[in-house]
Every structure is written in C-alpha cells, then in structure tokens.
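# Architecture at a glance
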Amino acid sequence: MTASVVITGASSGIGKAIAERLVADGALVTAGSRSPVELAGATWVATDVRSPTDCEALVTTAIETHGRVDVLINNAGVQVERTIDQTTDDEFDLVMDVNVRGVFNCCRAVIPHMRTHGSGSIINIGSVAGNVADHGLAVYNASKGAVHALTRSIATDHGRDGIRCNAVSPGWILTDMADAAFAAAEDPEAARAEATQAHPVGRMGRPSDVANLVAWLASDQADFVSGSLFTVDGGLTAQNPIGSASHG
Ligand code: NDP
C-alpha cells in the first residue's frame, strides 16, 4: 500500500530532506508550511502550524486528495537564541506556539481520522535539546522537552486505536537553524569547528541522516515501536562531558 504522509515544515532543512526521501520511496506527500514546497510528487498546503484551522485544512486536504492519512510528521520548528532573562514574551509565545502548539494542533486534527482507520504513525521531530540543555536556548529546550512528553502521551493514550507515536531527537544538523545558532556565537567559525570536533563520528549531521530514521519509523518495519525517542547525533550526547582526549 502506498502511504499517505502529512509533513509540516518541508520548505527547508530537515523537513525538505524527509519529504524528498519519502517521495522517492513512493509515498503520497502533503506538505504544510508558510512558504511553498516545490517538490514533484508533493502537494503543498499553505499552513501556519500555530493555527488550528490551518492544521485541520492540511489534514483534510490530504484525506480529500489521497483518501487517508497514514503518517503525520511534525517537523516545523523555530529556535530563539536567548537565555530566560533575555527572552521577551513574544519570543516565548513564538517558540511554544510553533514547536508545541503546532504539534498539538496537527495531532488533534489527525488522531480522530487515524482512529477511524485503526492505524497511523505519528513522528515528532524533537531534539537532543529536550534531554540536555543547549546553551542559550532556554525556551527552545523547554519546547522540545514538551514535544517528547506529548510523544509519550500520544503513544500511551492512542496505542489501542492502532496509532504509534515516536520522536526523533536530532543533534547538530547542518541547516539554516544550525547556522543561526552558530551565527549567535562570539566567533561563529570557531564555534562551528569546536562543534564538529565534539562529535565522536567526526562530523555534524546532514538532513538526510534524520530522513533515514524517519523513513524507517514511518514504515511497517517499525510496527512494534511506539512511545520512544530516537537520538540522531553522531554520539554527541552519549559522552561524559568531563574529560576527552586524555582518555584513550
Ligand atoms: P529550518 O529553519 O531549516 O526549517 C524550519 C521549517 O519549519 C521550515 O520549513 C519552516 O517553513 C517551518 N516553520 C517554521 N515556522 C512555521 C510555522 N509557523 N508554520 C509552519 N511551518 C513553520 O530548520 P531545521 O530543518 O533545522 O529544523 C526542522 C526541525 O528539526 C525543527 O523542529 C527543529 O527544532 C528540529 N531540530 C533541528 C536541529 C538542527 O540542528 N538543525 C537539531 C534538533 C532539532 P516556513 O518558514 O516556510 O513556514
């Protein structure tokens, strides 16, 4: 059966790589973001994930176009490089509204449909920042912690409806978002070199590294996998932060 997939935030970065991979695998992709997704084989629906109405329209379009939704990928996200005391109310609302309310809006729109069909897979793009604190990203870190918690709740509450829910927690993946985080450092090039060096595999991530895992989670191969968080970070957060080269 050809899967019908809804994905948010596929106009750039990780979401774009996921959409390209799934289209190449034969999926019917409906993509929601504010700017257009120009990908042959994908249908773009102008969507602001902060809007419940937009998220319902995104899911409805996928159902009307392809008859059903098998997979929802909540990928849209924003990051604000601030500590708590630097963060304005508007910045707090932006990060929480896109990263958390956006996931809530899309899941609430799709779950009744998946329940009726008795099957579905929801994949949320969380972050290692939901498990360990990235410096100077206080509200972003909190938002990803909330995404991880929602993932467990959906898996728990809707597993018996045939719905699986998992989260992927990328580390440093080279996209516009990572560039913005480096740009905020005092010496962006030094920060980039230091970040590369910190990875046991010797490089930072590529969007396709995340897409590979998402493609598997979306497939029947992952039929018994639910409520789990999958880290894709080249070993970054597996390390003890104290001590490095001195230990063989
Ligand atoms: P990008 O900035 O490259 O892409 C973000 C995507 O989110 C864009 O397609 C953007 O589309 C969409 N988006 C932003 N705001 C909204 C909105 N209000 N409504 C709909 N879509 C929106 O980021 P990445 O590809 O790097 O990030 C993708 C996901 O991966 C995010 O959830 C991020 O938190 C997560 N992540 C990224 C990491 C990294 O190192 N890059 C590490 C860990 C997690 P548009 O502007 O067209 O609306």
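In case you missed it, the structure is sitting above this.
The paragraphs below set out a description of the structure included in this document. (Residues numbered from 1 in each chain as written. Predicted model: local features only at pLDDT ≥ 70, side-chain atom pairs only at ≥ 80, totals over all residues. Heavy atoms only, no water.)

### Comments concerning the overall build of the chain
When its secondary structure is counted, the chain shows seven helices and seven strands. When the elements of the chain are put in sequence order from the N terminus, they spell out β-α-β-β-α-β-α-β-α-β-α-α-α-β. Scaling as 2.2 N^0.38, a compact globule of 248 residues should have a C-alpha radius of gyration of about 18 Å, and the chain matches this with 18 Å. With respect to the three principal axes, the spread of C-alpha positions in the chain is 55 × 40 × 35 Å. Within the chain, contacts between residues at least 6 apart in sequence are counted, and of these 68% link residues at least 24 apart. Accessible area for the chain stands at about 12,000 Å²; split by element, carbon and sulfur atoms hold 52% of it. (Helix = DSSP H or I, 4+ residues; strand = E, 2+ residues; numbered from the N terminus. Rg over C-alpha atoms; globule rule 2.2 N^0.38 Å. Contact = heavy atoms within 4.5 Å. Areas by Shrake-Rupley, 256 points an atom, 1.4 Å probe, with all protein chains shown as cover.)

### A word on helix H5 (residues 176-183)
Taken together, the buried positions of H5 are occupied by Ala 178, Ala 181 and Phe 182. In a view along the axis of H5, the buried residues occupy a sector of 100°, so they form one face of it. Seen from the open side of H5, the exposed residues pointing more than 90 degrees away from its buried face are Asp 176 and Ala 183. Residues of H5 that are buried make contact with helix H6 (188-197). Backbone nitrogen of Met 177 and a side-chain oxygen of the N-cap are separated by 3.2 Å at the start of H5; the cap is Thr 175. (Buried < 20%, exposed > 50% of the residue type's maximum accessible area, 1.4 Å probe, protein only. Arc of directions from axis to C-beta. Polar contact = N/O pair within 3.5 Å; in protein donor to acceptor, adjacent residues only side chain to side chain.)

### Remarks on the sheet that holds strand E4 (residues 71-74)
Sheet architecture is open: seven strands sit in the order E3-E2-E1-E4-E5-E6-E7, paired in parallel fashion. If you trace the sheet from one side to the other, it starts and ends with strand E3 (42-46) and strand E7 (229-232), each paired once. Strand-to-strand, the axes of this sheet are offset by a mean angle of 20°, without reference to chain direction. Bridging between strand E1 (residues 4-8) and E4 involves three bridges; their strand directions are parallel. (Pairing = 2+ DSSP bridges. Axes fitted to C-alpha atoms, helices over the stretch in contact; angles between N-to-C directions.)

### Some remarks on the pairing of E1
Burial runs high along E1: five of the five residues are buried. By the alternation rule, side chains of E1 split into Ser 4, Val 6 and Thr 8 and Val 5 and Ile 7, which are all buried. Bridging between E1 and strand E2 (residues 28-33) involves five bridges; their strand directions are parallel. The residue bridging Ile 7 from the neighbouring strand is Ala 31, located in E2. Handedness of the β-α-β unit built from E1, helix H1 (residues 13-24) and E2 comes out right-handed. (Right-handed = clockwise from strand over helix to strand, strands pointing away.)

### Quick look at the site of the ligand
For the ligand, the set of nearby residues contains 29 residues, the closest of which are Ser 11, Arg 34, Ser 35, Tyr 140 and Thr 175. Contact between the ligand and Asp 48: a nitrogen atom at 2.9 Å from a side-chain N or O atom of the residue. For the ligand, the accessible surface in isolation is 880 Å², of which the surrounding protein chains cover 92%. Contributions of two or more residues to the shell around the ligand are made by H1 and helix H4 (138-158). (Near = heavy atom within 4 Å.)

### Quick notes on the packing of aromatic side chains
The relation between two aromatic rings is expressed through the spacing of the ring centres and the mutual angle of the planes. Overall, the coordinates contain two aromatic pairs when judged by the stated rule. Measuring from ring centre to ring centre gives 6.2 Å for Trp 216 and Phe 230, while their planes differ by 80°; the resulting arrangement is edge-to-face. Taken as a pair, Trp 216 in helix H7 (residues 207-218) and Phe 230 in strand E7 lie far apart in primary sequence, 14 residues in all. Judged by relative accessible area, which is 21%, Phe 230 ranks as partly exposed. (Phe/Tyr/Trp six-rings, centres within 6.5 Å; stacked < 30°, edge-to-face > 60°.)

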